Amino acid sequence: MGLESVLSLGERLQRLLAEADREVEAKVAEAQRMAEEMLSKARVDAERRRTMAQRGYGIEELLEEAEEKAKEEAEKSMEDYKAKAEALKEVPEEKIAEAVTLVLQEVLPR
Amino acid sequence: MSMTPLELETQLIERTIKQRNELLARARESAEKILKAAEEEVERIGAESERQILSLVGSELRAVRDRIVGETELEGRKMLMLSRQELLTRVFDEAEGRLAGIAEGKDEATSYDEVLGRLIVEAASAIGGEEFIVSANERDLTYLKKNLKKAQRQVREAIGGSELRLDEIPLDAMGGVVVRNSDGTKTYNNTLEGRLEGVKARIQAEVAQILGLI
């Protein structure tokens, strides 16, 4: 294997690098295209929703969503109230007795 | 030391492959960065759009929330209030039961005779004057008939010269007395029920605190 074959190999390797460069460009370009597409879709969608909302259309979904969220919030709130009400049934007997004693002390003349 | 052509070739191939891999890795990195930035921007656009829409229809959405959550809050607070009230009622009911026991002489720790005497003195002191008419339930009336002088002495010791008379008509009360002056212009309700009612209003907060309700 002489110098000629090394030079020929050099050319092939240069081609390989050139192909890699093209591949790189293509990958980046594809990413940019996808990014543009995502952004464009998001902008169009946002504008459409905003316009509809301005005209009072398409807010049913938002209202339903708000209603659902509110129901969930209300349910959670009711659970909290129920838990608090339930906890009141667990007031220790000695606390009840202490309160009764206080009432008696106040009612009976000293 | 010079390289053989084979070594030269190997080195060239390795260097080129390394270069190629680096190029492709950088490309992947760039593409990922571009897409990540785009995703973030999409998210920002969406959030901004939501914010604008919410500001446009915010009052309607708030009204929906307020209606649903508000109703539940009201219902929950009412439920909690009832539970608290039940607990307070239990305390005052138990106290009433204990008072009934005391009035019937079932409580060894408390002398109801002394309680009755103090109730008469307190009522007479509050009304003021010389002559008092005392009303009590049948049981207490019987006791007072037998111990009128003792009661009279207690009142005299407390407020000076005083005359006690008993109302023959029994009072419908668990215990205690209603005292009025002779011309009936001043009346002092010192029944146990009356005192309990007054105490209920006065120390409800204190009782609630003991029970951990506030």
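The rules behind these values
Along every chain, residues carry numbers that run from 1 in the direction the sequence is written. Each chain takes a letter, starting from A, and each ligand takes a number, starting from 1, following the order in which they are written. The predicted nature of this model means local features are confined to residues of pLDDT at least 70 and side-chain atom pairs, given and counted, to a pLDDT of 80 or more, with totals for whole chains, interfaces and linings taken over all residues. Numbering goes from the N terminus for both helices and strands, where a helix is a DSSP run of H or I of at least four residues and a strand is a run of E of at least two. Residues with at least 20 neighbouring C-beta atoms inside 10 Å of their own are called buried, those with 12 or fewer are called exposed, and the rest are partly exposed, where every C-beta is derived from the backbone. Here contacts are defined at the residue level, using C-beta atoms placed from the backbone and a cut-off of 7 Å between them. Asp, Glu, Lys and Arg are counted as charged, while Ala, Val, Leu, Ile, Met, Phe, Trp, Tyr, Cys and Pro are counted as nonpolar; the rest, among them Gly, fall into the polar class. Axis definition: a line fit to C-alpha positions, over the contact stretch in the case of helices; interaxial angles, taken between N-to-C directions, run 0 to 180 degrees. When describing relative orientation, an angle under 35 degrees is termed roughly parallel and one over 145 degrees roughly antiparallel, while 65 to 115 degrees is termed roughly perpendicular and anything else oblique. Left-handed is the label given to a crossing in which the near helix is rotated counterclockwise from the far helix by less than a right angle, and right-handed is the label when the rotation is clockwise. Values of pLDDT, ranging from 0 to 100, describe the predictor's confidence in every residue of the model. Residues enter a nonpolar core if they are buried, belong to Ala, Val, Leu, Ile, Met, Phe, Trp, Tyr or Cys, and are joined to the set through C-beta atoms within 7 Å. Here, any two strands with at least 2 DSSP bridges between them count as paired. To estimate how far a helix should reach, multiply one less than its number of residues by 1.5 Å. Each C-beta atom gives one direction from the helix axis, and the arc is the one those directions make.

## Quick look at the overall build of chain A
A tally of regular secondary structure across chain A gives three helices and zero strands. Ordered by position in the sequence, the α and β elements of chain A form the string α-α-α. Evaluated residue by residue, chain A yields a buried proportion of 12% over its 110 residues.

## A closer look at the overall build of chain B
When helices and strands are counted, chain B shows five helices and four strands. In chain B, the succession of helices and strands from N to C terminus is α-α-β-α-α-β-β-β-α. Within chain B, the proportion of its 214 residues that are buried is 23%. When contacts within chain B are restricted to residue pairs at least 6 apart in sequence, long-range pairs at least 24 apart make up 63% of them.

## Some thoughts on the interface of chain A and chain B
Between chain A and chain B, the residue contacts involve 56 residues of the former and 63 residues of the latter. Going through the elements one at a time, α1 (3-54), α2 (60-88) and α3 (93-107) of chain A are the ones with two or more residues in the side of chain A that touches chain B. By residue number, the principal contributor to the side of chain A that touches chain B is α1(A), which donates 26 residues. In terms of residue class, the side of chain A that touches chain B is made up of 38 nonpolar, five polar and 13 charged.

## So, the packing of helix α2 (residues 112-127) of chain B against helix α4 (residues 148-159) of chain B
Residue and element names in this part refer to chain B. At a minimum axis distance of 9 Å, the contact between α2 and α4 shows a crossing angle of 45 degrees. On the basis of their axis angle, the class for α2 and α4 is oblique. Crossing of α2 over α4 shows right-handed handedness. Two secondary-structure elements touch here, α2 through Gly117, Ile120, Val121, Ala124 and Ser125 and α4 through Ala151, Gln154, Val155, Ala158 and Ile159.

## With respect to the packing of helix α1 (residues 5-103) of chain B against helix α5 (residues 192-210) of chain B
Residue and element names in this part refer to chain B. Contact geometry of α1 with α5 gives a least axis separation of 11 Å together with a crossing angle of 145 degrees. Crossing geometry of α1 relative to α5 is assigned as right-handed. Where α1 approaches α5, its residues Leu88, Val91, Phe92, Ala95, Glu96, Leu99 and Ala103 are matched on the opposing element by Leu192, Leu196, Lys200, Gln204, Val207 and Ala208. Residues that form the contact of α1 with α5 fall into these classes: 10 nonpolar, one polar and two charged.

## Topic: the confidence of the model for chain B
Across chain B, the average pLDDT comes to 93, with 100% of residues at or above 70. For this predicted complex, the interface score ipTM comes out at 0.72, while the overall pTM is 0.65.

## Quick notes on the nonpolar core
Val103(A), Val91(B), Ile120(B) and Val134(B) are the most contacted members of the largest nonpolar core, which has 36 residues in total. Of all the elements in the fold, those that place two or more residues in this core are α3 of chain A together with α1, α2, β1 (131-136), α4, β3 (176-181) and α5 of chain B. Top contributing element to this core by residue count: α2(B), with eight residues. Those residues in contact with Val103(A) that sit more than four places away from it in its chain are Val91(B), Phe92(B), Ala95(B), Val199(B), Ile203(B) and Val207(B). Membership of the second largest hydrophobic core comes to 10 residues, among which are Ile59(A), Ala66(A), Ala70(A) and Val64(B).

## Digging into the sheet that holds strand β4 (residues 187-191) of chain B
Residue and element names in this part refer to chain B. Taken in spatial order, the four strands make up an open sheet running β2-β1-β3-β4, and their pairing is mixed. The sheet is open, and its two edges are formed by β2 (163-166) and β4, each paired on a single side. Going from strand to strand, the sheet's axes swing by 25 degrees on average, the running direction of each strand aside. Where helix α3 (residues 138-146) meets the sheet, its contacts fall on β1 and β2, and the angle it forms with β1 comes to roughly 140 degrees.

## Let's talk about the environment of Val155(B)
Residues and elements named next belong to chain B. Within the secondary structure, valine 155 is located in helix α4. You can call valine 155 buried: it has 23 C-beta atoms within 10 Å. Sequence spacing of valine 155 and valine 121 is 34 residues, and the spatial spacing of their C-alpha atoms is 5.1 Å. Apart from residues lying up to four places away in sequence, valine 155 is in contact with Ile120, Val121, Ala124, Ser162 and Leu164.

## With respect to α3(A)
Here α3(A) spans 21 Å end to end across 15 residues, near enough to the 21 Å set by a 1.5 Å rise per residue. When α3(A) is considered as a whole, its buried residues turn out to be Ala99(A), Val100(A), Val103(A) and Val107(A). The buried residues of α3(A) occupy an angular sector of 100 degrees when the element is viewed end-on, so they sit on one face. Among the exposed residues of α3(A), those pointing more than 90 degrees away from its buried face are Glu94(A) and Gln105(A). Among the structural elements, α1 and α5 of chain B are those in contact with the buried residues of α3(A).

## With respect to the pairing of β3(B)
Relative to β3(B), β1(B) runs antiparallel, the two sharing five bridges. When the bridges of β3(B) are listed, Ala136(B) appears paired with Val177(B).

## Focus on α2(A)
An ideal rise of 1.5 Å per residue puts 42 Å on 29 residues; α2(A) measures up with 41 Å between its terminal C-alpha atoms. Listing the buried residues of α2(A) in full gives Leu62(A), Ala66(A), Ala70(A) and Ala74(A). Residues of α2(A) that are buried in the fold lie against α1 of chain B.

## Considerations on the confidence of the model for chain A
With 94% of its residues at a pLDDT of at least 70, chain A reaches an overall mean of 90. Here α1(A) stands out as the least confident element of chain A, with mean pLDDT 89; α3(A) is the most confident, with 97.

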